[in-house]
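So the chains spell out like this:
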Amino acid sequence: MNKSIASALVLACACAALPAGAQTLKPGLWSLSNTMTSSDPQISQAMSAVQQHMANMSPEQRQQMQTMMQQNGVQLDVGANGALQTKLCMTREMAERKEFPVQQGDCRQSFTQQSATRGHIAFTCTKPKVSGEGDLVADNDTSYRARMKIRSEEQGRNQTVDMDVTGKWLSADCGTIRPIPIPRAK
């Protein structure tokens with residue numbers, strides 16, 4: 001999988017962390033299940049290869065990867081049917097600002113509240129060149145759903161990944177998972 005689409009996938013996992021109505025969500029540890037699809041056979045094959053590689057890691061390799069991810073505020077694993085399972089620590093400030101975690105790069109984002117439980121989020125990054133948008137629904141203060149479309153461009157080739165996300169609050173205590181640093185949106 002190329003660097004842009006890999007960055008897009010990590011960004012997408014993180015950006016779906018703060019849904020519409022975020023002011024009503026509980027701060028603390030959240031579990032996200034991210035299912036990704038693409039109509040591009042090359043991207044689908046690359047995503048499957050990454051999922052297979054993660055599933056086949058030795059316990060030592062998996063621990064090493066999880067330690068590195070936790071240092072950056074994310075716990076990531078492969079779940080049932082290849083879904084990426086992510087755990088994030090959401091602070092009260094993150095929920096109040098309604099800003100999603102933006103990875104490295106020059107990024108702009110917008111959040112449009114459509115109702116008390118629905119919203120639309122859009123972002124554009126220039127380095128890496130990634131953009132996306134999606135609709136988010138807060139079921140209550142401990143669960144939400146999102147559907148995102150992530151686009152990237154590398155070497156003149158456009159790539160698109162669709163992502164369905166479900167989020168579930170686990171606990172007020174984030175344990176060893178630090179909050180993701182969120183730079184102020186531009």
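Computed from a predicted model, the values in this text were never measured in an experiment.

K.L.:
For this particular structure, what's the right way to read the overall build of the chain?
P.N.:
A tally of regular secondary structure across the chain gives 4 helices and 8 strands. Sequence-ordered secondary structure for the chain, helices as α and strands as β, is α-β-α-α-β-β-α-β-β-β-β-β. Taking all 186 residues of the chain together, 45% fall into the buried category. Contacts spanning at least 24 positions in sequence make up 61% of the contacts within the chain whose residues lie at least 6 apart. A total accessible area of about 9,600 Å² is found for the chain, and carbon and sulfur atoms account for 50% of it.

K.L.:
I would appreciate a short explanation of the pattern of salt bridges in the present structure.
P.N.:
Within this structure, the stated rule accounts for 4 salt bridges. Between Glu-133 and Arg-151 there is a salt bridge, and its shortest N-O distance comes to 3.9 Å. Here Glu-133 is found in strand β6 (residues 129-140), whereas its partner Arg-151 is found in strand β7 (residues 143-154), with 18 residues between them in sequence. Salt-bridge contacts for Asp-164 lead to Arg-147; the nearest nitrogen and oxygen are separated by 2.6 Å.

K.L.:
Quick question: what am I supposed to make of the nonpolar core here?
P.N.:
Most often, soluble globular proteins have nonpolar side chains that are buried together. Counting 29 residues, the largest nonpolar core has Trp-30, Met-36, Met-90, Phe-123 and Met-148 as its most contacted members. Secondary structure elements with two or more residues in this core: β1 (28-37), α2 (41-55), β3 (84-90), α4 (92-97), β5 (118-126), β6, β7 and β8 (157-171).

K.L.:
Explanation requested: the pairing of β5 in the structure shown.
P.N.:
Side chains on a regular strand alternate between the two faces of the sheet. Only one face of β5 is covered, namely the one carrying Gly-119, Ile-121, Phe-123 and Cys-125; the face carrying Arg-118, His-120, Ala-122, Thr-124 and Thr-126 has none of its residues buried. The pairing of strand β4 (residues 107-113) with β5 spans 7 bridges and is classified as antiparallel. Looking across to β5, one finds that Arg-108 is bridged to Thr-124. From the end of β4 to the start of β5, which pair antiparallel, there are 4 residues. The antiparallel pairing of β5 with β6 creates a hairpin that spans 2 residues between the two strands.

Each value, and the rule that gives it
Residues numbered from 1 in each chain as written. Predicted model: local features only at pLDDT ≥ 70, side-chain atom pairs only at ≥ 80, totals over all residues. Heavy atoms only, no water. Helix = DSSP H or I, 4+ residues; strand = E, 2+ residues; numbered from the N terminus. Buried < 20%, exposed > 50% of the residue type's maximum accessible area, 1.4 Å probe, protein only. Contact = heavy atoms within 4.5 Å. Areas by Shrake-Rupley, 256 points an atom, 1.4 Å probe, with all protein chains shown as cover. Salt bridge = Lys/Arg side-chain N within 4 Å of Asp/Glu carboxyl O. Core = buried A, V, L, I, M, F, W, Y, C linked by side-chain atoms within 4.5 Å. Pairing = 2+ DSSP bridges.

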